[in-house]
Amino acid sequence: MGNHSGANGHYNGTRPPDDVLKAALHDYAEKSLSLSQRLDYLLKDYEYKIGLTTLKALNRKFNVPTVKKPPPEHICATVISEVVSNNASSRNGPNTVQNQVSRHHKLKIPRDTVRRLMADIDPDGAEVRFPGRNRQPKQRGHLTDTGVYYELHFDGHEKFNFKGLRMGPVGIDIYGSRCHSSSRMVKFLTVPNARCSSTVGHYYLDLVEDNGLFVQATVDGGSETGELYAAHLALRQECMPDVSLHNHPAFVALPSTDNIPIESSWHLFTEYVGLDIKQILLLGKTLNYYNPAYPVHIQLFNWLWPKILQLCLDDFVDYWNNHRIRSQRGKRLPSGVSPNYICDFPERFGLVKFGERVPQEHIDALRRKIPRSRDECYRWVSDEFNTQAFGVYEQIGSPKLKLVDGWTIFCEMLPLLQ
């Protein structure tokens, strides 16, 4: 008897519309997800369950880029030249450049092609990136954890403050956090003062508001973590009364050399774009674009450059969280996949997911107890100058904020503000 219904006994879910499915498949390709990971996300995001054969057919139908069908050589060379030229310190290797090309230019280029063209474009770059060290490494053990968002590591980065730049009173601090088990960069933010306890307290409450409550906060013991400690302990007692503070401490302070996950993040950030940022910031001093003797120069720097650095931070976080961590045979925590994949599918690695949502009234009540308001802690310039600068920025056409164009925008805005 014929099967007139057309049903084959398997339910694959409802296929999304072609425009939605096309956008999703292109997004997965930009993030360099493997085919099996794309299937996981299709099931998770759209409840659409298919096999590899169907996925490959859809990729062909929607012209999803793949390294097996790269663009012509001259297009590869042009795009890679642009990416390499934006990396003044030459610290980004072929893997990083390949990732940037995929995310920013929507092109898939094989790694061997990227490496070969980079050698032609920047022949000295490989020597700059040579990782040799002539020092005895500190003995390390294996990191272990219970689940994602169980433990977060916190720290501030002050390489761009007034001592690091030596450009008068201006400087830009960064405060960041990283998940212990997944290696995911959780929240990286430019702040006027990373050593202000009130600023770190508001940063912590913003993080909990966006990502939920975790179990343990690990810091390096600086005085700036006082409000963070008070807020986290209060939320642990209020929202996790069944989790023992004795067996699962709310707060742990370690020496900086032992707070490995977040300390290593600053090295990764420096290699990715941090050296570029510092070199370009210092151009303002060496080329006399910026003069700390004039207050309007200081105000414009504080208005413009934190915005540009925040975009650089967002790009770094997006790169790291979507890139594939190298496989490590002896590692007890997951490797060989991206941090985002670990967070989205923790059960595949024997982990559980924390991140309990906290009622907004609890967060607001704790925020009111912090001595300085959130607006005051995050304020770079006065409200009057902020309004004036936005008007001038729109007057010059609202150019896209890019690291390499920062001083050009600065010089265009300055005469109109003066």
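Residues numbered from 1 in each chain as written. Predicted model: local features only at pLDDT ≥ 70, side-chain atom pairs only at ≥ 80, totals over all residues. Heavy atoms only, no water.

A. Quick peek at the overall build of the chain. Along its length, the chain carries 17 helices and 7 strands. By the compact-globule yardstick of 22 Å for 418 residues, the chain fits well, its C-alpha radius of gyration being 24 Å. Partitioning the contacts of the chain with sequence separation of at least 6, the portion at a separation of at least 24 is 71%. Treating the 50 positive side-chain charges of the chain as one cloud and the 46 negative ones as another, the clouds have centres 7 Å apart. (Helix = DSSP H or I, 4+ residues; strand = E, 2+ residues; numbered from the N terminus. Rg over C-alpha atoms; globule rule 2.2 N^0.38 Å. Contact = heavy atoms within 4.5 Å. Lys, Arg positive; Asp, Glu negative; His and termini not counted. Charge placed at Lys NZ, Arg CZ, Asp CG, Glu CD.)

B. Layout of the packing of aromatic side chains. Within this structure, the stated rule accounts for 25 aromatic pairs. A network of ring pairs unites the aromatic residues Phe160, Phe188, Trp266, Phe269, Tyr272, Phe316 and Tyr319 as a single cluster. Sitting over the ring of Trp303, Lys307 keeps its end group 4.2 Å from the ring centre. The side chain of Arg348 reaches across the aromatic face of Phe345, ending 5.4 Å from its centre. (Phe/Tyr/Trp six-rings, centres within 6.5 Å; stacked < 30°, edge-to-face > 60°. Lys NZ or Arg CZ within 6 Å of the ring centre and 35° of its normal.)

C. Highlighting the pattern of salt bridges. Throughout the structure, instances matching the rule amount to 15 salt bridges. With a closest N to O distance of 2.9 Å, Arg91 and Glu271 form a salt bridge. Highlighted residues: Arg91 in the loop between α4 (73-85) and α5 (94-105) and Glu271 in helix α11 (residues 260-286), separated in sequence by 180 residues. Exposure class is identical for Arg91 and Glu271. Each is buried. A salt bridge links Arg367 to Glu209, with the nearest nitrogen and oxygen atoms 3.4 Å apart. (Salt bridge = Lys/Arg side-chain N within 4 Å of Asp/Glu carboxyl O. Buried < 20%, exposed > 50% of the residue type's maximum accessible area, 1.4 Å probe, protein only.)

D. Main features of the environment of Val273. Looking at the element boundaries, Val273 is found in helix α11. Sequence separation of Val273 and Ser89 is 184 residues, and the distance between their C-alpha atoms is 8.5 Å.

E. Here's a closer look at the packing of helix α9 (residues 197-211) against helix α10 (residues 226-239). Their axes nearest at 6 Å, the elements α9 and α10 cross at an angle of 35°. Contact residues: α9 offers Ser197, Ser198, Val200, Gly201, Tyr204, Leu205 and Val208, while α10 offers Gly226, Glu227, Leu228, Ala231, His232 and Leu235. Residues belonging to the contact of α9 with α10 are distributed by class as follows: 7 nonpolar, 5 polar and 1 charged. (Axes fitted to C-alpha atoms, helices over the stretch in contact; angles between N-to-C directions. Nonpolar A, V, L, I, M, F, W, Y, C, P; charged D, E, K, R; others polar.)

F. Quick peek at the sheet that holds strand β2 (residues 151-157). The 5 strands lie next to each other as β4-β3-β2-β5-β6, forming an open sheet whose pairing is mixed. The strands lining the two open edges of the sheet, one partner per strand, are β4 (185-191) and β6 (251-253). Going across the sheet, the axis of each strand differs from the next one's by a mean of 20°, ignoring polarity. Pairing of β2 with strand β5 (residues 216-219) involves 3 bridges; the strand directions are parallel. Residue pairing in the sheet places Leu152 in a bridge with Ala217 of β5. Together, β2, β3 (173-179) and β4 form the strand contacts of α11, whose direction differs from that of β3 by roughly 120°. Packed onto the sheet, helix α12 (residues 295-322) meets β3 and β4 and runs at close to 170° relative to β4. (Pairing = 2+ DSSP bridges.)

Distances and angles like these do not, on their own, reveal function.
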